[in-house]
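One letter stands for each residue in the lines below.
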Amino acid sequence: MIATSLTVTDTRMSVLDFSQTYWEEYLSVLIVRTTRPNPFVYLDPFTWPVWVCIIICIFVMGFTLLVVTKTSPYYRVRGITRKNTGLFRLPDCIWFMYGATLQQGGIWLPSALSGRCIVGSYWCFVLIMAATFAGNLVSFLTVQTLFDIPFNTLEALADHSRMRPMSPSGAAFTNIFKIANNGTYKKIWERLQENPELHLVVNSKEAFEKMAAHSHLAFIGIRFSPGQNLNDKYGKKIIT
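The following paragraphs examine the structure supplied in this document. All values derive from a computational prediction rather than experimental measurement.

Rules of the game
- Numbers given for residues are sequential positions, taken from 1 along each chain in its written order.
- Per-residue local features are limited, in this predicted model, to residues with pLDDT of at least 70; the limit for side-chain atom pairs, both in listing and counting, is 80 or more; totals at the level of whole chains, interfaces and linings are taken over all residues.
- Side-chain metrics in this entry use all non-hydrogen atoms of the structure; hydrogen atoms and water are not considered.
- Counting from the N terminus, the helices are the DSSP runs of H or I reaching at least four residues and the strands are the DSSP runs of E reaching at least two.
- Under the convention used throughout, the expected extent of a helix is 1.5 Å for every residue step, that is, one less than its residue count.
- Classification of residues uses two cut-offs on accessible area relative to the type maximum, computed with a 1.4 Å probe and protein chains only: under 20% is buried, over 50% is exposed, and between them is partly exposed.
- Residue contacts are defined here by distance: any two heavy atoms, one from each residue, within 4.5 Å place the two residues in contact.
- Patch membership needs two things, relative accessible area over 30% and no salt bridge, and members are linked within 9 Å if like-charged or within 5 Å if nonpolar (Val, Leu, Ile, Met, Phe, Trp, Tyr).
- The Shrake-Rupley method, run with a 1.4 Å probe sphere, supplies the accessible areas, and residue values consider only the shown protein chains as cover.
- Basic side-chain nitrogens of Lys or Arg form a salt bridge, by our definition, when they fall within 4 Å of a carboxyl oxygen of Asp or Glu.
- For this analysis, a nonpolar core means a set of buried residues of the types Ala, Val, Leu, Ile, Met, Phe, Trp, Tyr and Cys, connected via side-chain atoms within 4.5 Å.
- Between 30 and 60 degrees the pair is tilted, below 30 it is stacked and above 60 it is edge-to-face, where a pair is any two Phe, Tyr or Trp rings, Trp via its six-membered ring, whose centres lie within 6.5 Å.
- Note on geometry: axes are lines fitted to C-alpha atoms, helical ones only across the stretch in contact, with angles between N-to-C directions running from 0 to 180 degrees.
- In this classification, Asp, Glu, Lys and Arg are treated as charged, Ala, Val, Leu, Ile, Met, Phe, Trp, Tyr, Cys and Pro as nonpolar, and every other residue, Gly included, as polar.
- Within this analysis, the arc is defined by the directions that extend from the helix axis to the C-beta atoms.
- Here a polar contact means two N or O atoms within 3.5 Å. Within protein one must be a hydrogen donor candidate and the other an acceptor candidate, and residues neighboring in sequence count only if both atoms are side-chain atoms.

Remarks on helix α2 (residues 48-71)
The first and last C-alpha atoms of α2 sit 35 Å apart over 24 residues, in line with the 34 Å expected at 1.5 Å per residue. Three or more residues of α2 are buried, namely Ile54, Ile58, Met61, Gly62, Leu65, Leu66, Val68 and Thr69. Looking at the packing, one finds that the buried side of α2 touches α3 (73-77), α4 (90-101) and α5 (113-142).

If you want it as structure tokens, here you go:
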């Protein structure tokens with residue numbers, strides 16, 4: 001009978017009878033934090049398709065306002081003739097809709113009820129859009145992701161074109177990668193074998209030193225304490 005802390009693996013279970021598991025270790029993947037200044041952070045609350053749709057909407061609504069203004073009998077009955085000025089011109093209609101999108105309006109305002117209905121409906125859309133944008137912008141600026149995470153799963157790491165896994169050579173989970181016949185674990189082991197001197201380490205200290213020199217490495221290891229200061233120690237920002 002042996003009393004010790006020993007990781008349960010299939011190979012060990014074939015020759016040993018383990019007691020009931022009393023402790024579970026969770027693994028984490030550590031990568032070098034890559035920060036990129038984003039001058040267009042104010043665009044993040046909306047996706048690019050949404051921004052494109054808003055731009056298209058400005059032109060479509062500007063053209064719609066022009067058609068409604070020119071076909072409205074209001075101006076003809078009242079003898080208002082502004083054929084080449086104000087909302088009787090497409091550029092002015094588009095400019096008015098652009099100003100309405102920015103909640104500014106324009107110099108010319110529609111006098112006919114039909115034109116006012118078009119503008120009023122668009123203002124309701126702008127009100128909802130502005131409220132959504134403002135709320136999302138506050139959220140993005142408050143809880144902003146200051147770094148890019150290139151993968152979210154072990155499978156994504158195994159298939160990643162740039163990132164390469166790194167693992168302790170004597171760890172039990174590294175041996176699981178080694179004996180795997182197929183699947184994600186086998187892919188991880190094949191990536192480790194591409195450069196064993198770089199991808200297999202003895203301890204965490206060696207792993208951190210290699211990560212400080214090679215930003216493409218992702219260290220697979222025991223979960224570290226959130227309070228452990230890795231940044232000051234190795235000069236690079238490492239995230240879990």
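Here we look at a nonpolar patch on the surface
Nonpolar side chains collect at one region of the surface, where Val52, Ile56 and Val60 lie side by side and expose about 250 Å² of accessible area between them. The residue Val52 is located in helix α2 in this model. Residue classification places Val52 among the partly exposed positions, given a relative accessible area of 44%.

Quick notes on the pattern of salt bridges
A full pass over the atoms with the stated rule returns six salt bridges. With its nearest N and O atoms 3.4 Å apart, the salt bridge here joins Asp159 to Lys187. Note that Asp159 is positioned in helix α6 (residues 154-159) and Lys187 in helix α8 (residues 183-192), a separation of 28 residues in sequence. On the accessibility criterion, Asp159 (44% relative accessible area) is partly exposed. Residue classification places Lys187 among the partly exposed positions, given a relative accessible area of 36%. Note that Arg191 is salt-bridged to Glu194, the shortest N-O span being 3.5 Å. On the accessibility criterion, Arg191 (14% relative accessible area) is buried. A single network of salt bridges, built from pairs that share partners, joins Arg164, Arg191 and Glu194.

So, the nonpolar core
In terms of nonpolar packing, the biggest core is built from 18 residues, with Leu65, Phe96, Met97, Ile118 and Tyr122 touching the most fellow members. Of all elements in the fold, only α2, α4 and α5 reach the threshold of two or more residues within this core. With six residues, the top contributor of residues to this core is α2. Leu157, Phe173, Phe177 and Ala218 belong to the second largest nonpolar core, which has 14 residues in total.

Looking at the packing of aromatic side chains
Applying the stated rule across the entire model yields eight aromatic pairs. Site record: aromatic cluster; members linked through ring pairs are Phe46, Trp51 and Phe133.

Regarding the environment of Phe96
By the element assignment, Phe96 lies in helix α4. A relative accessible area of 2% places Phe96 in the buried class. Between the alpha carbons of Phe96 and Val119 there is a distance of 9.4 Å; along the sequence they are 23 residues apart. Residues within four places of Phe96 in sequence aside, it is in contact with Leu65, Leu87, Gly105, Gly106, Trp108, Leu109, Pro110, Val119 and Trp123.

Looking at the pairing of strand β2 (residues 164-168)
The element β2 is extensively covered by neighbouring structure, given that five of its five residues are classed as buried. Taking every second residue as pointing to the same face, both faces of β2 are buried, with Arg164, Met166 and Pro168 on one and Pro165 and Ser167 on the other.

What about unusual backbone geometry?
Of note in the backbone geometry, Gln103 takes a positive phi value of approximately 60 degrees without being a glycine. Mapped onto the secondary structure, Gln103 falls in the loop between α4 and α5.

Let's talk about the packing of α4 against α5
How two helices pack is summed up by the angle between their axes together with the distance between the axes. Where α4 meets α5, the axes come as close as 9 Å, and the angle between the chain directions of the two elements is 35 degrees. Residues Phe96, Met97, Ala100 and Thr101 of α4 lie in contact with α5, whose contacting residues are Ile118, Val119, Tyr122, Trp123, Val126 and Met129. Among the residues forming the contact of α4 with α5, the class breakdown is nine nonpolar, one polar and no charged.

Observations regarding the side chain of Ser72
Relative to the assigned elements, Ser72 resides in the loop between α2 and α3. Using a relative accessible area of 10% as the deciding quantity, one classes Ser72 as buried.

Observations regarding helix α10 (residues 204-213)
Among all positions of α10, only Ala207, Phe208, Lys210 and Met211 are buried. The buried residues of α10 occupy one face: seen down the axis, they fall within an arc of 165 degrees. What points out from α10, more than 90 degrees from its buried face, is the exposed set Lys205 and Ala213. Taking the backbone nitrogen of Lys205 as reference, a side-chain oxygen 3.3 Å away marks Asn203 as the first, capping residue of α10.

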